[in-house]
Amino acid sequence: MISMFTLSLSIMVLAIVPCIYRIIKGPTIPDRVIALDAMTTVIVVMLGVYSLDQGSVFFMDVALVLSIIAFVGTVTIAKYLDEGVVF
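**Some details on the overall build of the protein**
For the protein, the count of helices and strands is 3 helices and 0 strands. Element order for the protein, N to C, with α for helix and β for strand: α-α-α. Principal-axis analysis of the C-alpha atoms places the extent of the protein at approximately 50 × 25 × 10 Å. Here the protein, with 87 residues, has 17% of them falling under the buried criterion. Taking the intrachain contacts of the protein between residues at least 6 apart in sequence as the baseline, contacts between residues at least 24 apart amount to 42%.

Below, the structure is given as structure tokens:
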């Protein structure tokens, strides 16, 4: 019998596939940025589920750092696309 953690991680891996497609095939840069942000969100949730399954807080720390880096990166790219400069 498949455990609930295995099933949820499998569904999340399937959720990454359209994100990868949009990153590669995206017609515009904002489409690619949104797809990358969505993929990062799915990976953060996967790390949270895996952390719960393993009973380790280490993966939650990794998920937190990854989400902060993704947020800062998304805001930076959005500002660059809007204004043409980052600073």
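**Some thoughts on the packing of helix H1 (residues 4–25) against helix H2 (residues 29–54)**
Contact pair H1 / H2: the axes reach a minimum separation of 8 Å and the direction vectors enclose 165°. Taken together, H1 and H2 sit at an angle that is classed as roughly antiparallel. In this structure, the crossing between H1 and H2 has a hand that is left-handed. Considering only residue class, the contact of H1 with H2 consists of 21 nonpolar, 1 polar and 5 charged.

**Quick word on the nonpolar core**
Counting residues in hydrophobic clusters, the biggest one holds 7 residues: Met12, Ile16, Cys19, Met39, Val42, Met46 and Val49. When residues of this core are assigned to their parent elements, the largest contribution, 4 residues, is made by H2.

**Here we look at the environment of Val44**
Tracing the backbone shows Val44 in helix H2. Each C-alpha atom, one on Val44 and one on Glu83, is 29 Å from the other, the two residues being 39 residues apart in sequence. Filtering out sequence-adjacent residues up to four positions away, Val44 remains in contact with Ala63, Leu66 and Ser67.

**A word on the packing of H2 against helix H3 (residues 58–83)**
Interaxial distance between H2 and H3 falls to 9 Å at its minimum, and their mutual angle equals 170°. When the interaxial angle is binned, H2 and H3 end up roughly antiparallel. Contact residues: H2 offers Ile29, Pro30, Val33, Asp37, Thr40, Ile43, Val44, Leu47, Gly48, Tyr50 and Ser51, while H3 offers Phe59, Met60, Val62, Ala63, Leu66, Ser67, Ala70, Thr74, Ile77 and Leu81. Residues that form the contact of H2 with H3 fall into these classes: 15 nonpolar, 5 polar and 1 charged.

Analysis parameters
Residues numbered from 1 in each chain as written. Predicted model: local features only at pLDDT ≥ 70, side-chain atom pairs only at ≥ 80, totals over all residues. Heavy atoms only, no water. Helix = DSSP H or I, 4+ residues; strand = E, 2+ residues; numbered from the N terminus. Buried < 20%, exposed > 50% of the residue type's maximum accessible area, 1.4 Å probe, protein only. Contact = heavy atoms within 4.5 Å. Axes fitted to C-alpha atoms, helices over the stretch in contact; angles between N-to-C directions. Parallel < 35°, antiparallel > 145°, perpendicular 65-115°, else oblique. Left-handed = near helix turned anticlockwise from the far one by under 90°. Nonpolar A, V, L, I, M, F, W, Y, C, P; charged D, E, K, R; others polar. Core = buried A, V, L, I, M, F, W, Y, C linked by side-chain atoms within 4.5 Å.

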